[in-house]
Amino acid sequence: MNHPIRNFDLGQRQERPGRLVRAIRYGLALGLLATGANLAQAQSAPAPSTTSEKAAIDEGLTWHGITLYGIVDLGLQYDTHGAPFSDYYPAGSADIVQKNSRQSVTGLTPSNLSQSRVGLQGAEPLGVGDLTGIFRVETFFNPQSGDISDALKSLVQNNGRALNVQTTNLDSSIAGQAFQQSFVGFSSPTYGTLTFGRQNTVLADGIYKYDPQGASQAFSLIGLSGTTAGGGDTEDRRLDSSLKYVAQFSNVHVGAEYKFNGSRGSASTASEFSVGYEMAGASIDAYYTHINDAVSAAALSAAQVAELPGLGFSPSNSLAATISDNTTFAVMGMYGFGPVKLFAGYEHIRFENPSDPIEPGFDNIGGYKLAFVNNTAFPNDKILQVYWAGAKYNVGKLELTAAYYGYRQNSYADGANTGCTTTKASSCSGTETAVSISGVYHFTKRFDAYAGAMYTTVEDGLANAYLTRNDIDPTIGVRFRF
């Protein structure tokens with residue numbers, strides 16, 4: 001997810017001094033919403049570029065503190081090894097090599113640089129010190145098809161299909177909800193921002209900030225794959241029923257978030273914390289997250305589809321899932337000098353069997369049912385290490401970026417596969433590597449053109465059951481922000 005442009009119509013508020021004062025206060029409040037809350041990021045839903053964040057407030061779509069904003073991002077992509085594109089999966093194509101990648105594919109793909117969306121946000125000074133009331137509601141869509149983005153629908157459409165006939169399908173936190181973000185709260189430049197509802201996580205905000213490709217779906221492994229931003233599983237990139245606090249005190253910034261489960265106990269709860277420091281063009285942040293009953297959803301096998309009638313589930317909204325308790329530690333940093341900005345990050349994720357298992361029939365995000373669940377996938381703790389580095393160079397209206405990403409998984413297999421380092425099981429040790437380059441030309445502050453490509457490859461356990469092991473996704477496109 002992302003920081004849309006904040007527009008503010010000062011021209012209509014210059015008739016009376018009192019209204020002008022209120023207009024300025026609204027503008028400041030909206031700025032707080034952008035920088036203090038740091039709230040709009042995506043997988044699976046990448047964010048607008050740094051240039052868009054700094055766009056000047058101008059005559060636009062704000063009235064009495066309520067702003068209409070949006071992004072439409074659409075491009076043309078060629079995949080050397082992919083699957084037929086999806087009308088519902090937020091990125092359209094897989095962008096990186098997947099198990100069902102098998103053939104060259106060309107077509108229109110949505111949201112390559114930034115997640116296409118439309119939203120409303122608002123800010124209202126409360127007359128109590130510098131406190132402001134804020135809200136945001138935001139819908140994600142796929143402009144090539146006109147459909148609401150729904151990754152879990154892309155999974156359901158492939159229930160019972162063999163890999164060699166599947167279309168693009170991947171899990172995500174984007175599951176056809178009317179609003180991908182929906183929150184309300186308070187903001188103060190003195191005390192920070194406190195929000196309640198469905199919103200991006202503290203960790204996802206960090207990924208957007210410290211990913212050289214800005215969590216782009218077409219050009220970033222950690223932008224397309226929500227594993228990193230979700231603290232292990234992409235469905236946790238955004239959290240329902242969460243309370244989030246972020247603040248900056250001089251050079252120090254902090255963040256915390258907690259997800260309630262609506263009942264007693266720790267099942268399906270989540271906790272996230274961050275602390276960071278900025279000085280002389282440099283910024284560094286450390287993160288800790290713990291997620292109970294994290295869900296990794298997948299399409300059903302043909303055998304599972306055959307069992308559904310006897311279990312009382314429908315193939316139109318049923319999925320399989322692996323459940324785990326995930327703990328993440330991460331550190332990320334960047335340093336800017338002149339037109340150059342350098343980025344680096346490291347994340348350590350531990351997956352273990354859930355302390356409070358989920359039963360079949362669990363109601364997952366988007367109203368989908370988990371008909372088959374695996375609560376014992378990790379006989380030993382799975383450790384996934386994620387690392388990346390990159391650089392961004394700005395020259396005039398042109399922004400050039402190069403980045404490197406890697407995943408490294410330990411062998412967490414048991415029995416005969418203990419310590420394995422081959423493709424014979426997905427629990428063997430393995431690696432995934434990605435390298436990308438991109439260029440964005442900012443014709444105006446609202447309209448951009450872009451081009452780039454990402455190469456991905458998988459080895460050993462992370463290549464288990466893959467039809468092919470690499471992919472390149474050359475992509476060109478345009479983006480309009482309002």
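Residues numbered from 1 in each chain as written. Predicted model: local features only at pLDDT ≥ 70, side-chain atom pairs only at ≥ 80, totals over all residues. Heavy atoms only, no water.

### Observations regarding the overall build of the protein
Next up, step 1: For the protein, the count of helices and strands is 6 helices and 22 strands.
Next up, step 2: Among the 482 residues that make up the protein, the fraction classed as buried is 54%.
Next up, step 3: Accessible surface for the protein amounts to roughly 18,100 Å². Of this, 61% is attributable to carbon and sulfur atoms. (Helix = DSSP H or I, 4+ residues; strand = E, 2+ residues; numbered from the N terminus. Buried < 20%, exposed > 50% of the residue type's maximum accessible area, 1.4 Å probe, protein only. Areas by Shrake-Rupley, 256 points an atom, 1.4 Å probe, with all protein chains shown as cover.)

### What about the packing of aromatic side chains?
Next up, step 1: For the coordinates displayed, the defined rule picks out 11 aromatic pairs.
Next up, step 2: Judged by centre distance (6.1 Å) and plane angle (50 degrees), the ring pair of Phe443 and Phe447 falls under tilted.
Next up, step 3: For Phe443, a relative accessible area of 43% corresponds to the partly exposed category.
Next up, step 4: Three or more aromatic residues joined by ring pairs make a cluster, and in this case those are Tyr441, Phe443, Phe447 and Phe480.
Next up, step 5: If you follow Lys382 out to its NZ or CZ, it ends over the ring of Phe351, 4.6 Å from the centre. (Phe/Tyr/Trp six-rings, centres within 6.5 Å; stacked < 30°, edge-to-face > 60°. Lys NZ or Arg CZ within 6 Å of the ring centre and 35° of its normal.)

### What to know about the nonpolar core
Next up, step 1: Among the nonpolar cores identified, the biggest contains 33 residues, and Ile222, Tyr287, Met332, Val386, Trp388, Tyr405 and Tyr407 are the most heavily contacted of them.
Next up, step 2: The set of elements that each furnish at least two residues to this core consists of helix H4 (202-210), helix H5 (221-224), strand E13 (318-337), strand E14 (340-352), strand E17 (382-395) and strand E18 (398-409).
Next up, step 3: In terms of nonpolar packing, the next biggest core, distinct from the first, is built from 13 residues, Leu152, Ala321, Ile365 and Leu370 among them. (Core = buried A, V, L, I, M, F, W, Y, C linked by side-chain atoms within 4.5 Å.)

### Side note on the pattern of salt bridges
Next up, step 1: All chains considered together, the criterion is met by 12 salt bridges.
Next up, step 2: Here Arg117 ties to Glu138 by a salt bridge, and the two come within 3.0 Å at their closest N and O atoms. In this pair, Arg117 sits in strand E4 (residues 117-125) while Glu138 sits in strand E5 (residues 132-142), placing the two residues 21 residues apart along the sequence.
Next up, step 3: A relative accessible area of 0% means that Arg117 is categorised as buried.
Next up, step 4: Among the ionic pairs, Asp381 bridges to Arg350, the shortest N-O distance being 3.7 Å. With Asp381 in the loop between strand E16 (369-374) and E17 and Arg350 in strand E14, the pair connects residues that are 31 residues apart, well separated along the chain.
Next up, step 5: Several salt bridges share partner residues, and in doing so they unite Lys209, Glu278 and Asp285 into one network. (Salt bridge = Lys/Arg side-chain N within 4 Å of Asp/Glu carboxyl O.)

### Some words on the side chain of Ser220
Next up, step 1: Checked against the element boundaries, Ser220 lands in the loop between H4 and H5.
Next up, step 2: At a separation of 3.3 Å, a polar atom in the side chain of Ser220 contacts the main-chain amide nitrogen of Ile222.
Next up, step 3: Setting aside anything within four residues of it in sequence, one finds Ser220 in contact with Asp211, Gln213, Ala215, Tyr405 and Met454. (Polar contact = N/O pair within 3.5 Å; in protein donor to acceptor, adjacent residues only side chain to side chain. Contact = heavy atoms within 4.5 Å.)

### Side note on the confidence of the model for the protein
Next up, step 1: The share of residues in the protein with pLDDT of 70 or more is 87%, and the mean pLDDT across the chain is 89.
Next up, step 2: In this model, residues 1-59 is a region of pLDDT below 50 whose contacts with residues beyond four sequence positions or in other chains number 215 contacts. (pLDDT = per-residue confidence, 0-100.)

### A word on the pairing of strand E22 (residues 475-481)
Next up, step 1: Taking every second residue as pointing to the same face, the buried face of E22 carries Thr475, Gly477, Arg479 and Arg481, while none of Ile476, Val478 and Phe480 on the other face is buried.
Next up, step 2: One ladder, built from 7 bridges, connects strand E2 (residues 66-82) with E22; its direction is antiparallel. Across the sheet, Ile71 pairs through a bridge with Arg481, a residue of E22.
Next up, step 3: Across 6 bridges, the pairing between strand E20 (residues 447-460) and E22 is antiparallel. Bridging across to E22, Asp448 finds its partner in Arg479. (Pairing = 2+ DSSP bridges.)

### Thoughts on the pairing of E14
Next up, step 1: For E13 and E14, the ladder comprises 13 bridges, and the chain directions are antiparallel. If you follow Met332 over to E14, its bridge partner there is Gly345.
Next up, step 2: The turn joining E13 and E14, which pair antiparallel and follow one another in sequence, is formed by 2 residues; a positive phi near 60 degrees is taken by Gly338.
Next up, step 3: Strand direction decides the pairing type here: E14 and E17, joined by 12 bridges, are antiparallel. Its bridge partner being in E17, Gly345 is matched across the sheet by Trp388.

### Considering H4
Next up, step 1: Along H4, 8 of the 9 residues are buried, which leaves the element largely enclosed by surrounding structure.
Next up, step 2: Within H4 the residues assigned to the buried category are Val202, Leu203, Ala204, Asp205, Gly206, Ile207, Tyr208 and Tyr210.

### What to know about the environment of Gly129
Next up, step 1: For Gly129, the position within the fold is in the loop between E4 and E5.
Next up, step 2: In this structure Gly129 comes out as exposed when scored by relative accessible area, which is 73%.
Next up, step 3: Residues Gly129 and Ser188, spaced 59 residues apart in sequence, show a C-alpha to C-alpha distance of 8.6 Å.

### Let's talk about the environment of His253
Next up, step 1: Mapped onto the secondary structure, His253 falls in strand E10 (residues 252-259).
Next up, step 2: Take His253: its relative accessible area is 11%, and that puts it in the buried class.
Next up, step 3: It is 5.2 Å that separates the C-alpha atoms of His253 and Gly276, two residues lying 23 residues apart in sequence.
Next up, step 4: Once you skip the residues sitting within four places of it in the chain, His253 turns out to touch Lys209, Tyr210, Ala247, Gln248, Ser274, Val275, Gly276, Tyr277, Glu278, Ser283, Ile284 and Asp285.
Next up, step 5: Among the polar contacts made by the side chain of His253, one reaches the side chain of Asp285 at a distance of 2.9 Å.

### Describing the side chain of Ser427
Next up, step 1: On the secondary structure map, Ser427 appears in the loop between E18 and strand E19 (430-442).
Next up, step 2: Classification of Ser427 by relative accessible area gives buried; the value is 13%.
Next up, step 3: Those residues within four positions of Ser427 in sequence are excluded, and the remaining contacts are Gln409, Asn410, Ser411, Tyr412, Ala413 and Cys420.

### Section: the environment of Leu152
Next up, step 1: Relative to the helices and strands, Leu152 resides in helix H3 (residues 151-156).
Next up, step 2: Judged by its relative accessible area of 0%, Leu152 falls in the buried class.
Next up, step 3: Dropping the residues within four chain positions of it, Leu152 is found in contact with Asp171, Ser172, Ile174, Ala175, Glu235, Leu319, Asn364, Ile365 and Tyr368.

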